[in-house]
Amino acid sequence: MSQALTILQNTFGYESFREPQAEVIDTLTDGGDAFLLMSTGGGKSLCYQIPAMIRNGCGIVVSPLIALMQDQVSALRQLGIRASFLNSTLSSDEVFEVEARLRSGELDLLYVAPERLAQARTLSLFKSVSISLFAIDEAHCVSQWGHDFRVDYLSLDRLHTEFPDVPRIALTATADARTRGEIVNSLALQNAKQFVVGFDRPNIQYRISLKSNPRNQLLRFLKSEHRDDAGIVYCLSRKKTEDTAKWLADQGFKAMPYHAGLSAAVRADHQRRFLEEEGVVIVATIAFGMGIDKPDVRFVAHLDLPKTIEAYYQETGRAGRDGSPANAWMVYGLQDVTKLRQMLDSSTGDEQHKRVEQIKLNAMLGFCEIASCRRHALLAYFDEPSSEHCGNCDTCLTPVETWDGTEVSRKALSVIYRTGQRFGVSHLVDVLLGTDTDKVFQFDHHQLPTYGVGGELSAKEWQSVFRQLVARGYANADAERFGGLVLTEKCRPLLKGDESIQLRKDQVVKAAKKLTKTPLPDDIDVGLWEALRSHRRQLAEEQGVPPYVIFHDSTLQAMAELMPTTLDGFSDLPGVGARKLDKYGGGFLVVLTRHAQGV
Ligand code: ADP
Ligand code: ZN
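What counts, and at which threshold
- Residues numbered from 1 in each chain as written.
- Chains lettered and ligands numbered in written order.
- Predicted model: local features only at pLDDT ≥ 70, side-chain atom pairs only at ≥ 80, totals over all residues.
- Heavy atoms only, no water.
- Donors = N, O, S within 2.8 Å, 3.2 Å for Na, K, Ca; no water.
- Tetrahedral: all angles 85-135°; square planar, octahedral: opposite > 155°, others 65-115°.
- Domains from an automatic or database assignment.
- Near = heavy atom within 4 Å.
- Polar contact = N/O pair within 3.5 Å; in protein donor to acceptor, adjacent residues only side chain to side chain.
- Areas by Shrake-Rupley, 256 points an atom, 1.4 Å probe, with all protein chains shown as cover.
- Nonpolar A, V, L, I, M, F, W, Y, C, P; charged D, E, K, R; others polar.
- Buried < 20%, exposed > 50% of the residue type's maximum accessible area, 1.4 Å probe, protein only.
- Helix = DSSP H or I, 4+ residues; strand = E, 2+ residues; numbered from the N terminus.
- Pairing = 2+ DSSP bridges.
- Phe/Tyr/Trp six-rings, centres within 6.5 Å; stacked < 30°, edge-to-face > 60°.
- Lys NZ or Arg CZ within 6 Å of the ring centre and 35° of its normal.
- Salt bridge = Lys/Arg side-chain N within 4 Å of Asp/Glu carboxyl O.
- 1 Å grid on protein atoms, 1.4 Å probe; cavity = no way out; pocket = protein on both sides within 12 Å on 5 of 7 lines; lining within 4 Å.
- Points joined across faces, edges and corners; volume = space filled by probe spheres on them.
- Axes fitted to C-alpha atoms, helices over the stretch in contact; angles between N-to-C directions.
- Contact = heavy atoms within 4.5 Å.

**Details of the coordination of the zinc ion (ligand 2)**
The protein atoms that coordinate the zinc ion (ligand 2) are Cys373 (SG), Cys390 (SG), Cys393 (SG) and Cys396 (SG), at distances spanning 2.3 to 2.4 Å. If you look at the zinc ion (ligand 2), its 4 donor atoms make angles of 102 to 119 degrees with each other, and the shape they trace is tetrahedral.

See below:
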């Protein structure tokens, strides 16, 4: 193990391994297979990078994230690691050059797109050289249930048959038990040692509130907490991403849209600016973000509800990979649910698939409406035990008031039933309030015993009751009936009086308390911080790489806090290995010294 630790300290500049990096590295170094499930930002990459450096030959990393390979490889080269990549962005000359370097044993790591591995040419190339290991990144792409399915991943089992002696590792950040099983089966990893590490992302603050003028809600959030930060705003439709990006740009933010309908060139440009410039906000559909390796994303905002808790977890997980505070912020409303249900119903999948999606959507909704700790619920969904009070989510920070909604819920369910389970919320509320609309008279609903019995609540409060009943699965919005509400089995005991129900009091959304404004500790000199950042930016521009490839924010922070005056002191900073010390130590020391002398 000492060799791995030496590489960690000298090459990567980190003091010690995190759980369970050392054991995973050991397993692979000794020639065994591994399956690693670890949350985003947990430190998966080192688990194959280090054994690839220790073992003979080149490590092959299979990744679907072509757009990121260049950055990943640049980051490794900064550390002095001999890395390269093969994908469709290279010219044939460039491909030949990379292959030549592989043949002559000049590579420690080679990133390849999955479709390359399906080519006989690539396989025979790999057979002709020495391979230290195969790392299959984003391994959940083998899952046909998941939204990231890649057909090329299914043929990766051939790595096992063609290279039986080469150790393999599958890595992912999202996998429920079912997907986990699929990964193990499809990749023939039955004998792999399994490492499953917690899902908790303690630096992410989860906040969900009700939609009411969502654009203004978003604007208030960004202006008060993330004026100059990089972040992602997710929307459901392409059009909405474009409209929202334009609107944010008009409000003075560096905002750009990203969705599958934009040309490849525009997408690549926006992604590049997001990675390389500071403070860029990307407004995207889910087409954006898989594996986005940007550590300093300070917020992820959802203007529309994700379809599943898995998707919510994965999308919000793109915030705060550097471990500094970050926000996962969302607004949602019942109209989201209706829209998603309609999308589900008109999708082409088979019935069972639709049912699974329906259940997952219901779980997502339930998650929005809980009155208890969000993190606890999220972790429980992934079968991970945790404290019932995390102290870093909206419900922990501002406890939700609840009230006994048993009586009103009965009225609400009964009006759904008596009107024939085919009307949407606004009409149901009209009936309860005894409003005399044309529709009420057209269907004779003024004759119903439930007509006008709902005077104790306002229309808005009734809407909240219906929303919560849907979220908790007492009623469904039926897509075939244009969002008309239908009762479910679950409402029986409530209607019969055998069960009571506590409802959330809808919060009037106030401006949040000052939360995670900036990762900068109070006692750091802002002038020094800016000087360090500007030096880093200059280095990044010279080399055409994103600033964090030079040093992460956390390394700059440590620099500003500890203010080393010698190279020796500099080498103690986290994230400073031998190579970076050599390349950048002197330059940053000059900045530090100048600052200390007040120049
Ligand atoms: P993942 O692939 O699991 O999302 P990464 O491999 O990108 O995560 O690692 C996330 C961050 O944590 C990176 O900045 C990485 O350099 C850092 N990191 C990984 N292992 C360690 C460690 N043992 N000590 C300190 N930092 C680490
Ligand atoms: Zn909490």
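Next, the rest of the story.
**Some words on the domain arrangement of the chain**
Once the domains are mapped, the chain shows domain 1 (2–196), domain 2 (204–397), domain 3 (402–504) and domain 4 (526–596). Put simply, the middle of domain 1 and the middle of domain 3, counted by C-alpha atoms, are 53 Å apart.

**Some remarks on the site of ligand 1**
As a structural note, the neighbourhood of ligand 1 is formed by 15 residues, with Tyr14, Gly41, Ser45, Arg321 and His552 the closest of them. Contact between ligand 1 and Arg18: an oxygen atom at 3.3 Å from a side-chain N or O atom of the residue. Here an oxygen atom of ligand 1 and a backbone polar atom of Gly42 are 3.4 Å apart. In the complex, the protein chains occlude 82% of the 560 Å² of accessible area that ligand 1 would expose alone. When its residues are assigned to classes, the shell around ligand 1 shows 3 nonpolar, 9 polar and 3 charged.

**Points about the pairing of strand E13 (residues 326–332)**
Most of E13 sits out of view: 7 of its 7 residues are buried. Burial of E13 is two-sided: the residues Ala326, Ala328, Met330 and Tyr332 facing one way and the residues Asn327, Trp329 and Val331 facing the other way are all buried. Across 7 bridges, strand E8 (residues 204–210) lies against E13 in parallel orientation. Its bridge partner being in E13, Gln205 is matched across the sheet by Asn327. Relative to E13, strand E12 (residues 299–302) is paired through 4 bridges, and the arrangement is parallel.

**Considerations on the packing of aromatic side chains**
What characterises a pair of aromatic rings is the spacing of the ring centres plus the angle enclosed by the ring planes. Throughout the structure, instances matching the rule amount to 12 aromatic pairs. Measuring from centroid to centroid gives 6.5 Å for Phe126 and Phe134, while their planes differ by 50 degrees, and the two rings are tilted. Looking at Phe126, the relative accessible area reads 1%, which means it is buried. Phe134 gets classed as buried once you look at its relative accessible area, which sits at 0%. Considering the side-chain rings of Phe551 and Tyr584, the 5.8 Å spacing of their centres and the 75 degrees angle between planes classify their relative orientation as edge-to-face. With a gap of 33 residues between them, Phe551 in the loop between helix H24 (547–550) and helix H25 (553–562) and Tyr584 in helix H27 (residues 578–596) connect regions that are remote in the sequence. Here Phe551 matches Tyr584 in class, with each residue buried. Aromatic rings pair up to connect Phe551, Phe570, Tyr584 and Phe588 into one cluster. Sitting above the plane of the Phe367 ring, Arg374 keeps its charged end 5.9 Å from the centroid. The positively charged end of Lys490 is found above the aromatic ring belonging to Tyr474, 4.8 Å away from the centroid.

**So, the pattern of salt bridges**
Under the counting rule described, the total for this entry stands at 31 salt bridges. One salt bridge in this structure joins Arg298 and Asp322, with 2.9 Å as the shortest N-O distance. You can see Arg298 sitting in the loop between strand E11 (280–284) and E12 and its partner Asp322 sitting in the loop between helix H13 (309–316) and E13, a full 24 residues away along the chain. Judged by relative accessible area, Asp322 falls into the buried class, the value being 14%.

**Some details on the layout of surface pockets**
Each pocket or cavity is described by its volume, and for the second largest pocket that value is around 960 Å³. If you go around the second largest pocket, you meet 37 residues; those closest to its centre are Ile66, Ala67, Leu68, Tyr258 and Gln271. Contributions of two or more residues to the lining of the second largest pocket are made by helix H4 (66–78), helix H6 (114–117), helix H12 (264–276) and H13. Counting residues per element, the lining of the second largest pocket draws most heavily on H12, at 8 residues. Considering only residue class, the lining of the second largest pocket consists of 19 nonpolar, 8 polar and 10 charged. In this structure, the lining of the second largest pocket is formed jointly by two domains, domain 1 (2–196) and domain 2 (204–397), each of which donates at least three residues.

**Some details on the sheet that holds strand E4 (residues 109–112)**
Overall, parallel pairing links the 7 strands, which are arranged E3-E4-E2-E5-E6-E1-E7 in an open sheet. This sheet does not close on itself; its edge strands, each paired only once, are strand E3 (83–86) and strand E7 (193–196). Going from strand to strand, the sheet's axes swing by 20 degrees on average, the running direction of each strand aside. Note: strand E1 (residues 34–37) against E7, 4 bridges, orientation parallel. What sits directly across from Leu36, in E7, is Phe195. Of the strands in this sheet, E1, strand E6 (168–172) and E7 are in contact with helix H2 (residues 21–29), which crosses E7 at around 160 degrees.

**Overview of the pairing of strand E2 (residues 58–62)**
Across the 5 residues of E2, 5 count as buried, placing the element largely inside the fold. Covered by surrounding structure in E2 are Cys58, Ile60 and Val62 together with Gly59 and Val61, the residues of both alternating faces. In terms of strand pairing, E2 meets strand E5 (residues 131–136) through 5 bridges, oriented parallel. Bridging across to E5, Val62 finds its partner in Ile136. Relative to E4, E2 runs parallel, the two being bridged by 4 bridges. Bridging from a neighbouring strand, Gly59 pairs with Leu109 of E4.

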